[in-house]
Amino acid sequence: MTELAVIGMDAKFSGQDNIDRVERAFYEGAYVGNVSRVSTESNVISNGEEQVITAMTVLNSVSLLAQTNQLNIADIAVLLIADVKSADDQLVVQIASAIEKQCASCVVIADLGQALNQVADLVNNQDCPVAVIGMNNSVNLSRHDLESVTATISFDETFNGYNNVAGFASLLIASTAFANAKQCYIYANIKGFAQSGVNAQFNVGNISDTAKTALQQANITAEQVGLLEVSAVADSAIALSESQGLMSAYHHTQTLHTALSSARSVTGEGGCFSQVAGLLKCVIGLHQRYIPAIKDWQQPSDNQMSQWRNSPFYMPVDARPWFPHADGSAHIAAYSCVTAGSYCHILLQENVLQELVLKETVLQENDLTESKLQTLEQNNPVADLRTNGYFASSELALVIVQGNDEAQLRCELETITGQLSTISIKKIAADCYARNDTNKAYSAVLIAETAEELSKEITLAFAGIASVFNEDAKEWKTPKGSYFTAQPANKQAANSTQNGVTFMYPGIGATYVGLGRDLFHLFPQIYQPVAALADDIGESLKDTLLNPRSISRHSFKELKQLDLDLRGNLANIAEAGVGFACVFTKVFEEVFAVKADFATGYSMGEVSMYAALGCWQQPGLMSARLAQSNTFNHQLCGELRTLRQHWGMDDVANGTFEQLWETYTIKATIEQVEIASADEDRVYCTIINTPDSLLLAGYPEACQRVIKNLGVRAMALNMANAIHSAPAYAEYDHMVELYHMDVTPRINTKMYSSSCYLPIPQRSKAISHSIAKCLCDVVDFPRLVNTLHDKGARVFIEMGPGRSLCSWVDKILVNSDGDNKKQNQHVSVPVNAKGTSDELTYIRAIAKLISHGVNLNLDSLFNGSILVKAGCIANANY
């Protein structure tokens, strides 16, 4: 079979009026925005005006496919998958007739399997592009309450039906040769498909055999398939046959290996539209490199639970990144398509851009030097950027209001108020961004999702901005995240020739299940640079630990235990912490074009700092080193052998864990702790967070005695990691060796360490000794923050999970020597908050940074689409 390439796509359904809105809904696993419900007064869309609109909409979709690929619409053959037996048969005929007048041909077909067979024939015989369009116009209301339908699928024991939906989905398919010749962008490749006989008996065996045939035809094994899109129709008997047939066809030794997905969990039932929507969802998942969510999935029925647990499948209730394979091979997805009269199974492959690079090899023989050029394929090239419109199509609007005084700001707010009744808030936001002027003295930033919400934020802004200018308040902010200050910290930097932006890297203890799972989709610009940091970036970021897989939805208790298990392994959280420090840093460097003037790390965050800022040539080497590290697996964690030796305790066998060490956070000063622990030789102050808050660690019973002497409350952190203590010095030389790696050319950022409270030279020896000393010594965070502030640091951005460092910075700079001036000369900005979406957290952070005078490139927030015009990426398909 000629390999087929998907070179165009489009879709619309209830409330999702373009492909980027549809993609957003697929990612989230649910409708997004204000969804218009079907009228209960009519079960068919059939009036004349809507017929014309529907015909024009479908024709416009074909036109979009043509324009994006710089093709003539007259050269495109159209296969329209529609139910001609429905009450809308005349409408289908009208649409087909309208298409035929402008396109090469238009044929109405009953199902996707037949359509793909005709696509193959057309491509083989005529080498023309073919638009496959699935549409549904009839919307028969369900008997149950429409509002009660959840975003799950019929394999779920809690399933209570689908909403019926009108819509269409379009895919433009051509041969890969045609795509390359026309420089069309390839979103995915169809590697093979198989269809059961028309009206063949629909049973487990038939589905299993058809799926196996498709796998064989595509020369793909079941183990290679990472995502399986299922039909999961509402009919329980058919759904059971499909699930069991797939379990049979995909049976192998690995469990929790292949994610299941279904467009119906998002769109509801859409007949022929749903057939193509499922294929579209596969293409999008492959192209955007994510596993989509089945948002409201709970669990299979009890009588099928055993079969599901022994299957290779898992059910993602949250979307998560689909990281590249360690061997560089492309991702594979499959689509199980159930139709009224047949069954089709389709295999698709990600289209991976390989960049050819020249490598010069110098051969020396008999004192003669010869240069030999080799052509190599480079995985994860930066050029393979896969943009999307996820941010741009969000309901969240970021409205930047600027002026040189209070009067100008009020005037701008009044202008926007007058536009609310006639212009969408997204257009208002885009217009304001287009007028962005970094020379303006003040910026107020409003965040809203609807015109009503923006109107309320404006009303609050009038009063809030006046209060700030009257010096009744330092800043104005709302629960939504709107923000204004009249004292921009970054415009008050001590040295006018440089900014005062500081990246702070938190310790590893803040890592949690679900950390950063949306960042790669929110900011696709970071995917390739991050993937290039390690041979297996999924392993480095601990994908399966941070994004756990299961057949049943995890309970709150189970998630809490997974968090505890994660925190209990120092090597794993250290590696993940370093990896995500790189992720957070790349967002600012690659997306917002913000570089750090200063940087520092808190505890093991110092390791993260050097890796994230690109100080090491091969930071990916750290992954294997940490995994094999005796220091962090057995000496200072795990069996805690260093402690046993230091305290004169007997050794134990590997895998024996006793609670010899616990870390507590308490309210006390270092002087108070020194007095209270004078008689204890197994208690240590490991980190001073603020002048009156610190971490106490050591032997649990001894720590409890000190805590009792202090008369304070203590919270155990469940972290048995014996760093920042006297016993840790036994591992000093091993840590120096562990962190000694070749460095890159010097960067401009001044990197401060708690090992000496000075900038560290970017040299291998200096960095490795700095880290080792940092991990053995007590961390005096107030001293570190005050040092940075004295040197000109003003904007403190926390490059990791949580906002602990930000809150401590605020306390330190407010309380330091009673100097209230310092309070007005800094701002702390977290970029991650557990329990709050990454999207909203970043929008809030951006609002704060803009108002404080930090220049950011926000183009991706206001522009962008998943669609790529032909010729935009040279040699994109080679």
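This text goes with the structure placed above it.
Just so you know, these numbers come straight off a predicted model, no measurement behind them. (Residues numbered from 1 in each chain as written. Predicted model: local features only at pLDDT ≥ 70, side-chain atom pairs only at ≥ 80, totals over all residues. Heavy atoms only, no water.)

## Points about the overall build of the chain
Summing up its helical and strand segments, the chain has 31 helices and 29 strands in all. In the chain, buried positions account for 58% of the 878 residues. Restricting to contacts in the chain with at least 6 residues of sequence separation, those with at least 24 account for 78%. For the chain, the computed accessible surface area is about 35,200 Å², with 47% contributed by carbon and sulfur atoms. (Helix = DSSP H or I, 4+ residues; strand = E, 2+ residues; numbered from the N terminus. Buried < 20%, exposed > 50% of the residue type's maximum accessible area, 1.4 Å probe, protein only. Contact = heavy atoms within 4.5 Å. Areas by Shrake-Rupley, 256 points an atom, 1.4 Å probe, with all protein chains shown as cover.)

## Some thoughts on the pattern of salt bridges
Considering all chains together, one arrives at 24 salt bridges under this definition. Here D384 ties to R289 by a salt bridge, and the two come within 3.8 Å at their closest N and O atoms. Remark: R289 occurs in the loop between α9 (272-288) and β9 (290-291) and D384 occurs in the loop between β15 (368-378) and β16 (397-403); sequence separation between them is 95 residues. Put simply, R705 and E680 hold a salt bridge, and the shortest N to O gap is 2.8 Å. (Salt bridge = Lys/Arg side-chain N within 4 Å of Asp/Glu carboxyl O.)

## Considerations on the nonpolar core
Core analysis: the biggest nonpolar cluster contains 188 residues, and L398, F503, F592, W616, F632, Y739 and L858 have the highest contact counts within it. No other element matches helix α19 (residues 570-591), which puts 12 residues into this core. Ignoring any residue separated from it by four or fewer positions in sequence, one finds W616 in contact with V607, Y610, A611, M622, Y739, M741, D742, V743, T744, I767 and I771. If you look at the next biggest cluster of nonpolar residues, it comprises 36 residues, including F159, L246, I332 and Y343. (Core = buried A, V, L, I, M, F, W, Y, C linked by side-chain atoms within 4.5 Å.)

## Describing the sheet that holds strand β29 (residues 827-830)
Strand pairing in a sheet relies on backbone hydrogen bonds, with the paired strands running either antiparallel or parallel. Spatially, the 5 strands line up as an open sheet ordered β26-β21-β20-β28-β29, and their pairing is parallel. Looking at the sheet topology across the chains shown, the edges are occupied by β26 (750-752) and β29. Strand-to-strand twist across the sheet, computed as the mean angle between neighbouring axes with direction ignored, equals 20°. Taken together, the 3 bridges between strand β21 (residues 598-601) and β26 define a ladder with parallel strand orientation. The residue bridging A599 from the neighbouring strand is M751, located in β26. Sheet strands touched by helix α20 (residues 605-612): β20 (501-505), β21 and β26. Its angle to β21, the strand with the most contacts, is close to 140°. (Pairing = 2+ DSSP bridges. Axes fitted to C-alpha atoms, helices over the stretch in contact; angles between N-to-C directions.)

## Comments concerning the packing of helix α1 (residues 19-28) against α9
Remark: α1 packs on α9, axes separated minimally by 11 Å, with the N-to-C direction vectors making an angle of 80°. Taken together, the axes of α1 and α9 are roughly perpendicular relative to one another. Here α1 contributes I19, V22, E23 and F26 to the contact with α9, which in turn contributes A277, L280, K281 and I284. Considered class by class, the residues forming the contact of α1 with α9 number 6 nonpolar, no polar and 2 charged. (Parallel < 35°, antiparallel > 145°, perpendicular 65-115°, else oblique. Nonpolar A, V, L, I, M, F, W, Y, C, P; charged D, E, K, R; others polar.)

## Quick look at the sheet that holds strand β27 (residues 779-780)
Strand order in the open sheet formed by 5 strands is β25-β22-β24-β23-β27, with mixed pairing between adjacent strands. With partners counted over all chains shown, the strands left at the sheet margins are β25 (714-716) and β27, one partner each. Relative to strand β24 (residues 693-698), strand β22 (residues 662-666) runs antiparallel, the two being bridged by 5 bridges. Following the sheet pairing, I666 is matched in β24 by L694. The sheet strands contacting helix α25 (residues 700-710) are β22, β23 (683-690), β24 and β25, and the helix crosses β22 at an angle near 15°.

## A short note on the packing of aromatic side chains
Scanning all chains against the criterion turns up 33 aromatic pairs. Where F523 meets F592, the ring centres are 5.7 Å apart and the plane angle is 85°; that geometry is what we call edge-to-face. With F523 in the loop between α14 (519-522) and α15 (527-531) and F592 in the loop between α19 and β21, this residue pair connects regions lying 69 residues apart in the sequence. By the burial criterion, F523 is buried, and F592 matches it. Between Y729 and Y732, the aromatic rings sit 6.0 Å apart at their centres with planes inclined by 5°, giving stacked as the arrangement. Ring pairs connect the aromatic residues F391, F503, F523, F588, F592 and Y842, which therefore count as one cluster. The ring of Y390 carries R24 above its face, with NZ or CZ at 4.2 Å from the centroid. (Phe/Tyr/Trp six-rings, centres within 6.5 Å; stacked < 30°, edge-to-face > 60°. Lys NZ or Arg CZ within 6 Å of the ring centre and 35° of its normal.)

## Concerning the state of the cysteines
What is meant by a disulfide is a covalent connection between two cysteines, made through their sulfur atoms. Counted according to the given criterion, the structure contains 0 disulfides. A disulfide-free cysteine, C106 has its sulfur positioned 7.3 Å from the sulfur of C103, the nearest such atom. (Disulfide = S-S within 2.5 Å.)

## Thoughts on the side chain of S443
Residue position: S443 is located in strand β17 (residues 442-448). Among the polar contacts made by the side chain of S443, one reaches the side chain of Q402 at a distance of 3.2 Å. Apart from residues no more than four positions distant in its own chain, S443 is found in contact with V401, Q402, Y483, F484, I850 and S851. (Polar contact = N/O pair within 3.5 Å; in protein donor to acceptor, adjacent residues only side chain to side chain.)

## Observations regarding the environment of G577
Mapped onto the elements, G577 comes out in helix α19. In this structure G577 comes out as buried when scored by relative accessible area, which is 14%. The contact partners of G577, leaving out residues within four places of it in the chain, are T511 and S608.

## Here we look at the pairing of β29
Two faces, one strand: in a regular strand the side chains alternate between the faces of the sheet. Residue alternation in β29 divides its side chains into two sets, V827 and V829 and S828 and P830, and both sets are buried. Where strand β28 (residues 795-798) and β29 come together, 4 bridges link them in parallel fashion. What sits directly across from V795, in β29, is V827.

## As for the environment of K667
Within the element layout of this structure, K667 appears in the loop between β22 and α24 (670-676). Separated by 26 residues in the primary sequence, K667 and S693 place their C-alpha atoms 4.4 Å from one another. With near-sequence residues (within four places) excluded, K667 lies in contact with D692, S693, V712 and R713. Polar contacts involving the side chain of K667 include one to the side chain of D692, which spans 3.5 Å.

## A closer look at unusual backbone geometry
With the exception of glycine, the majority of residues adopt a negative phi angle, and the majority of peptide bonds are in the trans configuration. Despite not being glycine, Q70 has its phi angle at roughly 55°, a positive value. You can see Q70 is positioned in the loop between α2 (48-68) and β2 (77-81). A positive phi is found at Q183, a non-glycine position, where the angle reads about 55°. In this fold, Q183 is placed in the loop between α5 (176-181) and β6 (188-195).

## Section: the pairing of strand β12 (residues 332-338)
When you tally the buried positions in β12, you get 7 out of 7 residues, the bulk of the element. What you see with β12 is no split at all: I332, A334, S336 and V338 on one side and A333, Y335 and C337 on the other are buried throughout. Across 4 bridges, strand β7 (residues 225-229) lies against β12 in parallel orientation. For L227, the partnering residue across the bridge sits in β12 and is A333. Pairing of β12 with strand β13 (residues 343-350), which is carried by 7 bridges, proceeds in the antiparallel orientation. Looking at β13, one finds that C337 is bridged to C344. Linking β12 back to β13 in an antiparallel pair, the connection comprises 4 residues.

## Notes on the packing of α20 against helix α27 (residues 764-776)
Pairs of packed helices are described in terms of their axes, by the angle between the two and the distance that separates them. Running from amino to carboxyl end, α20 crosses α27 at an angle of 155°, the nearest separation of the two axes being 9 Å. Relative to α27, α20 is oriented roughly antiparallel. Of the residues in α27, those touching α20 at E606, V607 and Y610 are I767, S770, I771 and C774. Of the residues that constitute the contact of α20 with α27, the class distribution is 5 nonpolar, 1 polar and 1 charged.

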